[in-house]
Amino acid sequence: GAELVCLKKAHQFQQWLAHAEKPYVLFTDWREVKQCNEAMTIQGLDDQRPKFTSIFCVDGKQQCRAQRWASTLPERKNPIHINIGLPSSESTVNRFLQQVSEQLGNIIQVPPPSPLTQ
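The following refers to the structure shown. Keep in mind that this is a model prediction, so the values were computed, not measured.

**Some thoughts on the overall build of the chain**
Summing up its helical and strand segments, the chain has 4 helices and 3 strands in all. Ordered by position in the sequence, the α and β elements of the chain form the string α-β-α-β-α-β-α. The buried share of the chain, reckoned over its 118 residues, is 33%. Within the structure as shown, the chain displays about 8,000 Å² of accessible surface, and the carbon and sulfur contribution to it stands at 53%.

Dropping the structure here:
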């Protein structure tokens, strides 16, 4: 079973990561992703990287910065998805579930989007 853990800042993520035992995904914004990545590196947890990282950017400028930053990272098997804008919460959750499902071999059934979010 999965568990949703909501943490507001990278330092909270670092504290949680010290005790994390299960595989996880990192769902964060541009302002926190670099610090989260540093937390994993500082703790020497390169083998405990998230299954994938989903970064939310508020505009095209942040998206370009995130893409540039991601391109400087060493090659990795866990992908980074960069999303622009913060759509409705339902479509955000559906997109997130789709990304998780694809990463885990489509073992999660993603509900179809409601007519309100299409």
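**Re the sheet that holds strand β1 (residues 26–29)**
In space, the 3 strands of this open sheet follow the order β1-β2-β3, with parallel pairing throughout. A single partner strand is all that each edge strand has here, and the edge strands are β1 and β3 (80–84). Taking each pair of neighbouring strands and ignoring which way they run, the sheet shows an average axis angle of 20°. The pairing of strand β2 (residues 53–57) with β3 spans 5 bridges and is classified as parallel. Within β3, the residue paired with Ile 55 across the bridge is Ile 82.

Rules and cut-offs
Residues numbered from 1 in each chain as written. Predicted model: local features only at pLDDT ≥ 70, side-chain atom pairs only at ≥ 80, totals over all residues. Heavy atoms only, no water. Helix = DSSP H or I, 4+ residues; strand = E, 2+ residues; numbered from the N terminus. Buried < 20%, exposed > 50% of the residue type's maximum accessible area, 1.4 Å probe, protein only. Areas by Shrake-Rupley, 256 points an atom, 1.4 Å probe, with all protein chains shown as cover. Pairing = 2+ DSSP bridges. Axes fitted to C-alpha atoms, helices over the stretch in contact; angles between N-to-C directions.

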